[in-house]
Amino acid sequence: MDSSRPASSDHNIDPARRDFYARSGERNLAPLWEVLHTLITAEPQSAVRPHLWHYAALRPFLLEACELISAKEAERRVLILENPAFKGQAKITQSLFSGLQIIMPGEVAPPHRHSQAALRFIIEGEGAYTAVDGERTTMRPGDFVVTPSWTWHDHGNTGTGPMVWLDGLDIHIVKLFEASFREGAAAGPGEATTPAQPEGYSAARYGANLLPVEDDRGGPSSPVFSYPYARTRAALEAMRQRAPWSRWHGLKMKYANPVTGDYAMPTIATFIQLLPKSFKTAPYRSTSSTVFVCVEGRGRTRIGEESFAWGPHDIFVAPSWVRHSHEAEEDAVLFSFSDQGVQEKLGFFREEKAEG
Ligand code: GTQ
């Protein structure tokens, strides 16, 4: 709600109207004219607060959590990144959930499935996998992995050190529609699934600029469920000499579903962008609150009136319709995600590219 616009308070409402509101209220009716302009604002009034989480400051809490609860008992040992405007609501933006998941050597996060789709963006560690419907993928820093809606998934760490990744889930989109289902884990055996496909199967079948002529995998989610950073980074590096640089985004690419050309996930749009040393983007805003993760490099982002300095693994969020601009102090790579794909499909996504 728009708190800057004073709502009609009781004392300046005409007594006849007040009486009418009380009597109609008893019948579960309410006058639109008292709330019209707080319901339908002239432009977005995001309640999201710009915020940055320094990875160095939160990492000790992840390690401490490992001493308090096992991955198996927690089901998912995640520290939620809570937007300071939405304490206790498990929201990083109004539509999206985000958190950092940690899994220690030898641990397993047991299989479950749910209506909510998840993205994984790998922060640190090696030797852990995530399995989606019986296919494992090894996770490496910078990889983007998709867990589509209603697919079985479990995670395991067969390495020697802690493994940390960022989760992004469409929890609040599913909640808006009251469409949540969940199965597994709490009632299940709590063991890892046995792989039904060899690792690399989906990448070969859908990720080599080839698509099977029969038995194609439909559905809105990318069948390429892992986008390894080695390939992503190499592509950005190869393009940097010639690619047209956007004044607002630098060199920014979306992760695509090769079957449809659409975003890799139907509910969460994901992007990677390269900002070369000293590049300064012109102010940009859109109707999608966006979460950014610094993968490499250092820089700062101005969001509205605030400025946030970031380095590797730091996470920050820019609210809907608040102008932001980035400045790279060294070659920098940012991963980002938002509900842009949903808004585009529903026809109300807007963006503004300011001069300057
Ligand atoms: O890994 O399945 O951050 O179910 C939140 C809910 C991760 C997961 C989260 C989940 C998961």
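This structure is a prediction, so every number in the text was calculated from the model and none was measured.

Around the ligand, the neighbouring residues are Arg-76, Val-78, Phe-97, Gln-101, His-112, His-114, Arg-120, His-153, His-155, Asp-167 and Leu-169. His-112 is positioned with one of its side-chain polar atoms (N or O) 2.8 Å from an oxygen atom of the ligand. A distance of 2.8 Å separates an oxygen atom of the ligand from a polar atom in the side chain of His-114. Starting from 290 Å² of accessible surface for the ligand in isolation, the protein chains cover 90%. Mapped by element, the contributors of at least two residues to the shell around the ligand are strand E3 (97-103), strand E4 (108-114), strand E9 (153-157) and strand E10 (163-169). Its residues assigned to classes, the shell around the ligand shows three nonpolar, five polar and three charged.

Of the residues in the protein chain, 95% have a pLDDT of 70 or more, and the chain-wide mean is 94. Low pLDDT, under 50, characterises residues 1-6; the stretch is placed with seven contacts to residues that sit more than four places away or in other chains.

We now examine helix H1 (residues 15-26). The end-to-end C-alpha distance of H1, which contains twelve residues, comes to 17 Å, matching closely the 16 Å that a straight helix rising 1.5 Å per residue would cover. Sitting at the head of H1, Asp-14 places a side-chain oxygen 2.8 Å from the backbone nitrogen of Ala-16.

This next bit is on the side chain of Arg-120. Here Arg-120 is to be found in strand E5 (residues 118-124). Residue classification places Arg-120 among the buried residues on the basis of a relative accessible area of 3%. A distance of 3.1 Å separates a polar atom in the side chain of Arg-120 from a polar atom in the side chain of Thr-147. In contact with Arg-120, not counting residues within four places along its chain, are Gln-101, Asp-143, Phe-144, Val-145, Thr-147, His-153, His-155, Trp-165, Leu-166 and Asp-167.

This part is about the packing of aromatic side chains. Within the structure shown, the criterion is met by 14 aromatic pairs. With a centroid separation of 5.4 Å and 85° between ring planes, the pair formed by Tyr-227 and Tyr-255 is classed as edge-to-face. Placement of the pair is Tyr-227 in strand E12 (residues 226-227) and Tyr-255 in the loop between strand E13 (251-254) and strand E14 (269-275), with a sequence separation of 28 residues. On the basis of relative accessible area, Tyr-227 is assigned to the buried category, the value being 12%. Between the NZ or CZ atom of Lys-91 and the centre of the ring of Phe-86, over which it lies, the distance is 5.4 Å. Lying over the aromatic face of Tyr-263, Lys-254 brings its terminal NZ or CZ to 4.7 Å of the ring centre.

The six strands are arranged E1-E19-E16-E21-E14-E13 in an open sheet whose pairing can be described as antiparallel. Strands with a single pairing partner mark the edges of an open sheet, and in this sheet they are strand E1 (51-53) and E13. Recorded for the sheet is a direction-independent mean angle of 20° between the axes of neighbouring strands. As paired strands, strand E16 (residues 290-296) and strand E19 (residues 315-318) are joined by four bridges and run antiparallel to one another.

All right, on to unusual backbone geometry then. Despite not being glycine, Ala-90 shows a phi value in the positive range, around 55°. Tracing the chain through its elements places Ala-90 in the loop between strand E2 (78-80) and E3. Phi is positive for Glu-178, which is not a glycine, with a value near 50°. The residue Glu-178 is located in the loop between helix H5 (171-176) and strand E11 (182-184) in this model. A relative accessible area of 74% places Glu-178 in the exposed class.

It is worth spelling out the pairing of E14 at this point. Counting buried positions over the seven residues of E14 gives seven, a clear majority of the element. Covered by surrounding structure in E14 are Ala-269, Phe-271, Gln-273 and Leu-275 together with Thr-270, Ile-272 and Leu-274, the residues of both alternating faces. Both E13 and E14 contribute to a ladder of four bridges, which runs antiparallel. Of the residues in E14, the one forming a bridge with Lys-254 is Phe-271. Note: E14 against strand E21 (residues 332-338), seven bridges, orientation antiparallel. Of the residues in E21, the one forming a bridge with Gln-273 is Leu-334.

Scanning all chains against the criterion turns up 15 salt bridges. The partner of Glu-237 in a salt bridge is Arg-240, with the nearest N and O atoms 3.5 Å apart. A salt bridge links Glu-305 to Arg-302, with the nearest nitrogen and oxygen atoms 3.8 Å apart. Taking relative accessible area as the criterion, Arg-302 reaches 40% and is therefore assigned partly exposed. Residues joined by salt bridges that share partners form a network here, namely Arg-233, Glu-237, Arg-240, Glu-296 and Asp-331.

The rules behind each value
Residues numbered from 1 in each chain as written. Predicted model: local features only at pLDDT ≥ 70, side-chain atom pairs only at ≥ 80, totals over all residues. Heavy atoms only, no water. Near = heavy atom within 4 Å. Polar contact = N/O pair within 3.5 Å; in protein donor to acceptor, adjacent residues only side chain to side chain. Areas by Shrake-Rupley, 256 points an atom, 1.4 Å probe, with all protein chains shown as cover. Helix = DSSP H or I, 4+ residues; strand = E, 2+ residues; numbered from the N terminus. Nonpolar A, V, L, I, M, F, W, Y, C, P; charged D, E, K, R; others polar. pLDDT = per-residue confidence, 0-100. Contact = heavy atoms within 4.5 Å. Expected span 1.5 Å × (residues − 1). Buried < 20%, exposed > 50% of the residue type's maximum accessible area, 1.4 Å probe, protein only. Phe/Tyr/Trp six-rings, centres within 6.5 Å; stacked < 30°, edge-to-face > 60°. Lys NZ or Arg CZ within 6 Å of the ring centre and 35° of its normal. Pairing = 2+ DSSP bridges. Axes fitted to C-alpha atoms, helices over the stretch in contact; angles between N-to-C directions. Salt bridge = Lys/Arg side-chain N within 4 Å of Asp/Glu carboxyl O.

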